[in-house]
Structure formats: structure tokens, C-alpha cells
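# Coordinates in review
Now for the letters of each chain:
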Amino acid sequence: KFHWRKKIKQKLTELSPEQKRILNEFISNNTRSAILDYSDGEVLELLNNRIISIPTRTPLWYSRESASDFDTAVNLSPWVYQYLKQHPNVLKEDS
């Protein structure tokens, strides 16, 4: 039933330092929502691994700061959010 959770748990053990930094922002700000650069490979990998998602009907738009960056609203999966809150060691730089 929850085979996908096992896969995501495995992916959480393989995060890059930048992906850990991104996910730490959600946890340290006590939020499941953020605006991230959709053109960033680290963000795309988190999206592809179903760790974060783009809410339905959310458009991509150019960042006001830089016309070369795509920013979009993303959500951290509720299940992943709770898992990371309960297992903070997953996001430590040396893990």
C-alpha cells in the first residue's frame, strides 16, 4: 500500500547538500510551501522524486529579480514534512 513511501525514504538518504539546504528551509520556517527556482536541477530532482510538488493550477513565472530564473510555488509532501520533523538527522550536512 505504501510502497512509494519506502522509495521516498530511500531518496531522502541520498540527498545532495543543496537539497538538504532546500528542505531545511521548509522545516526551519515551519511551512510546507515555498517559492523555488524551477530551472534549478536540485529542485527538479526533488520534484521528480515526489519529495516536493507543484500545486495544481500553479503557473510558472519569471522571477522579478532575474529574467533568467523560473520561480514557482511548491509544496512539501505532508508525509515527508512529518517524516523530516521526526527524523532531523536526515537533513544534517554530514549524513
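Values in this document were obtained by computation on a predicted structure and should not be read as measured data.

So, how was this worked out
Residues numbered from 1 in each chain as written. Predicted model: local features only at pLDDT ≥ 70, side-chain atom pairs only at ≥ 80, totals over all residues. Heavy atoms only, no water. Helix = DSSP H or I, 4+ residues; strand = E, 2+ residues; numbered from the N terminus. Buried < 20%, exposed > 50% of the residue type's maximum accessible area, 1.4 Å probe, protein only. Contact = heavy atoms within 4.5 Å. Areas by Shrake-Rupley, 256 points an atom, 1.4 Å probe, with all protein chains shown as cover. Core = buried A, V, L, I, M, F, W, Y, C linked by side-chain atoms within 4.5 Å. Expected span 1.5 Å × (residues − 1).

### Looking at the overall build of the protein chain
For the protein chain, the count of helices and strands is four helices and four strands. Secondary structure elements in the protein chain, listed N-terminal to C-terminal, are α-α-β-α-β-β-β-α. Evaluated residue by residue, the protein chain yields a buried proportion of 34% over its 95 residues. Sequence-distant contacts, at least 24 apart, represent 61% of the contacts inside the protein chain between residues at least 6 apart. Of the accessible surface of the protein chain, which amounts to about 6,300 Å², a share of 49% is contributed by carbon and sulfur atoms.

### Some remarks on the environment of Asn49
By the secondary structure assignment, Asn49 is in the loop between helix 3 (41-48) and strand 2 (52-53). Of the residues examined, Asn49 reaches a relative accessible area of 18% and is grouped as buried. Sequence separation between Asn49 and Lys11 is 38 residues, and the spatial gap between their C-alpha atoms is 7.2 Å. Beyond its immediate chain neighbours, meaning those up to four positions away, Asn49 contacts Ile8 and Lys11.

### With respect to the nonpolar core
Core analysis: the biggest nonpolar cluster contains 22 residues, and Leu12, Leu23, Ile51, Ile52, Leu76 and Leu84 have the highest contact counts within it. Breaking this core down by element, the ones donating at least two residues are helix 1 (3-12), helix 2 (17-28), helix 3, strand 4 (70-76) and helix 4 (78-86). For this core, the element with the most residues is helix 4, which contributes five residues.

### Let's talk about unusual backbone geometry
Although it is not a glycine, Asn30 adopts a positive phi angle of roughly 50°. Accessibility expressed as a relative area gives 53% for Asn30, which makes it exposed. Unusually for a residue other than glycine, Arg50 sits at a positive phi of about 65°.

### Considerations on the environment of Asn89
Residue position: Asn89 is located in the segment after helix 4. Judged by its relative accessible area of 43%, Asn89 falls in the partly exposed class. Counting along the chain gives 76 residues from Asn89 to Thr13, while the straight-line C-alpha distance between them is 9.9 Å.

### Things to note about helix 2
In a regular helix each residue adds 1.5 Å, so twelve residues correspond to 16 Å; helix 2 covers 16 Å between its end C-alpha atoms and thus fits that length. Those residues of helix 2 hidden inside the fold are in contact with helix 1, strand 1 (33-37), helix 3, strand 2, strand 4 and helix 4. Where helix 2 terminates, the next one or two residues include Asn30, which has phi positive at roughly 50°.

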